[in-house]
Structures are given as structure tokens and as C-alpha cells.
Amino acid sequence: MAMLSRHHQFSTDSGDGAIQSEICGPSFLHYAERIDDGDTVIVYVSFDSLYPVVVKRGQTVSMRYGALRHEFIIGKPWGSRVSATAGYVWLLRPSSELWTRCLPKRTQIIYTPDIGMILQMLDVKPGSVICESGTGSGSLTHALGMAVYPSGHIYTHDIEESRIRKIEEEFRDHGLHTVITAMVQNVCEEGFFVQNACDGVFLDVPAPWEAIPYAAAAISFKRGGRLVSFSPCIEQVQRTCAVMRAMGFINVETVEIVNRTYRTTEFHKQSLADFEKNGDNTTVVVKDRNRKRKLEHSVSSANSDDSALWNSTVINAQVFPATQPTHTSYITHATMLPRPDQADML
């Protein structure tokens, strides 16, 4: 086991110039105005259809709206609308949230609502040192890496070597390899790569109670830290909470996030007088702003009595999209206070 200090690997003493030189590469942290060769681009087709593309000259991305050559992407400003062979798409700057929506799924992943809560419960910030297990498809790992940049570090563990090798390639493509170290290791049997160094530990394993003693050893004795466990079954939660308390963790709490998104639709309704005069044949659902503008124009050319038809507007909220994937699980979090007496024994 390695023993590291809080700023074990990164330093900002050289000033903003050194940080900026590291940012100006093909990565999720690339803030140039235009897309460059080697950048990761999220090609947005629709709400539920996004394509992650590493831009390379000579290659082509195929999708629902036809094909798009990478040469037509390079040099475009972020957010541009471009024409593929069968329709328009948008070129979006990558973020951890967009990556979660379109990443190659090698395992079940953690979605954005849970990720937001996990980041808060771990108290992640630039400079934090966090241990994660397991890595899976890297959804949470990307969010953690971007949150601790530039002076922190993420140590992520998984028992499957093929997943680790693939996720290492993605970290290099996205420029996150400088703040994320991935390793093949069973934390329930071998513990974590570091000891007495972490500000927080995250567990997404079948038997988290087996890893809790190792998590306590990984958390800094002098600073203390946070522990968060993600489990789908309440029986796992009950056993995990018992072991957390036995190992000296305090403020043990469990929450569940159930996320749902909506869209609003405007209904323009006629008055009772117009209903009696014209019948129920003029109620309109406005699906988009262009349609609404056309309707308002037609109303303005009508007589004043008929225009009263459009004076009543109802806003209706609907669940959208109808199917909303989310991994509903229980998030159990706790705090380990500083243990100076144990630190003095090292």
C-alpha cells in the first residue's frame, strides 16, 4: 500500500500558466473556442440520441441522419449546427453529464441525479483525493475526475481487467489520465491502493460491508473524510450501516433519489361565448413557437370577438421522455472524524 500526502502528485506552485498548458489539449477540459483534431465531441441528434466522437481526419461518423465526415467538424465553433447527409446535428462540448448519457455501457451505470448527490456527500472539490470502487463504465469516475482537477486525484478500482484497460484509453482520450489512476484490485479482499491519504471513499460493490474496514484505513487519519456506498437492496444498506458504526463512522444516513423530468405544453382555449357560437372546433395545442406565431397572426386578422378565443392559455406539464432510465439505489453516507492518536502510531 502506498502512503500519500494530500498534494501527493500535483502542484499549482508554477502558476496559472502550467495549469493552462495542461488544459490546452484534447480533453473534457479543453476550453478553446473551436473544435480541434483529437477532441472528443458529442454529436447531438435528439434528446435520446447522442454520439461521442473522437475527431480524427479521414474518419466518418454514421448515425440516424446519415454520415458526417470529421473534416467538417474540425474548426467549427462548439455548439455549431452542421449538416450531415440526411439532416442537421449539433456539435456539443463534452461534459460529465453528456458523457453519462452517451457512454459505451459495459456495466450498469450511475446516472446524473445520483452522481450529483454522491459528489455532494463526498464533499469533492479541486485538490481532493478520492478512492472509488468499482469503476464499471466510468460514468461517476469522469465526474469525480473533473471535480478534483487540477490538483486532486482519483484512484478507481475494479476487479475486471478488460474494463480497466478500456477505461484507461478513454481517460487518455479525454485528458483525464493526469488526475485518474485505474487499477485492477478487489477492495473487499485486498483493500485500496492508498492508505491514510483519502478525503473520501466511494463504494459500488456487491458486499460493501467487507470493504468498509479498508475504507477506514484509506481515509486520512489527520483530516478525516467521507464514505459513500451505493446499493440497490435495503438488506445491503442495513448491514452496511451496522459495520460503518462499528468502524467508528458517525452521522450515518441513507437517501434515495428518484428523478423525473417534464416538459410543458401550451393550450389556447376558447371562451364559453365562442364555444356556443362556433362549437368545439378551435381548441389548439401549440407544439412549437413557430406554430404559435402563425396562430397569433391569424387571430390578429380576425374580428375582436373571435380573437377572445385565444385569451385563455393553459400550461400542461407532461413527463418527457416517457421512458427515463435511472438506477434507483440507496446512497448511504457517513463521516470519519480525524484520528490523531492513530496517525501518531504510523
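Residues numbered from 1 in each chain as written. Predicted model: local features only at pLDDT ≥ 70, side-chain atom pairs only at ≥ 80, totals over all residues. Heavy atoms only, no water.

Looking at an unreviewed UniProt entry, one finds the protein named tRNA (adenine(58)-N(1))-methyltransferase and attributed to Mesorhabditis spiculigera. Recorded under Catalytic activity (unreviewed entry), the UniProt text for the protein is reproduced unchanged: "an adenosine in mRNA + S-adenosyl-L-methionine = an N(1)-methyladenosine in mRNA + S-adenosyl-L-homocysteine + H(+)". (UniProt positions renumbered as here; feature names shortened; annotations may be inferred.)

Enquirer: Any chance you could explain the nonpolar core here in plain terms?
Expert: In summary, soluble globular proteins display a tendency toward joint burial of nonpolar side chains. Grouped together as the largest cluster of nonpolar side chains are 28 residues, with contacts concentrated most on Ile118, Leu122 and Phe202. For this core, the secondary structure elements donating two or more residues are helix H3 (112-122), helix H4 (139-148), helix H5 (161-174), strand S10 (180-184) and strand S13 (225-231). Contact partners of Ile118, with chain neighbours within four places excluded, come to Ile110, Leu140, Phe202, Val228, Phe230 and Ile331. By size, the runner-up hydrophobic cluster in this structure holds 27 residues, among which are Met183, Val194, Ala211 and Ala216. (Core = buried A, V, L, I, M, F, W, Y, C linked by side-chain atoms within 4.5 Å. Buried < 20%, exposed > 50% of the residue type's maximum accessible area, 1.4 Å probe, protein only. Helix = DSSP H or I, 4+ residues; strand = E, 2+ residues; numbered from the N terminus. Contact = heavy atoms within 4.5 Å.)

Enquirer: So what exactly am I meant to see when it comes to the UniProt feature "binding site: S-adenosyl-L-methionine" (unreviewed entry) in the protein here?
Expert: This chain's UniProt record puts "binding site: S-adenosyl-L-methionine" (unreviewed entry) on Ser137, Gly138, Ser139, Leu140, Asp158 and Asp204. A maximum C-alpha distance of 13.5 Å places the annotated residues, which cover 68 residues in sequence, within one compact spot. Among the structural elements, Ser139 can be located in helix H4. Take Ser139: its relative accessible area is 3%, and that puts it in the buried class. In terms of polar contacts, Ser139 uses its side chain to reach the side chain of Thr100, at 3.0 Å. When near neighbours in sequence (up to four residues on either side) are disregarded, Asp158 contacts Gly134, Thr135, Gly136, Arg163, Ile164, Met183, Val184 and Gln185. In this structure the side chain of Asp158 is engaged in a polar contact, spanning 2.8 Å, whose partner is the side chain of Arg163. (Polar contact = N/O pair within 3.5 Å; in protein donor to acceptor, adjacent residues only side chain to side chain.)

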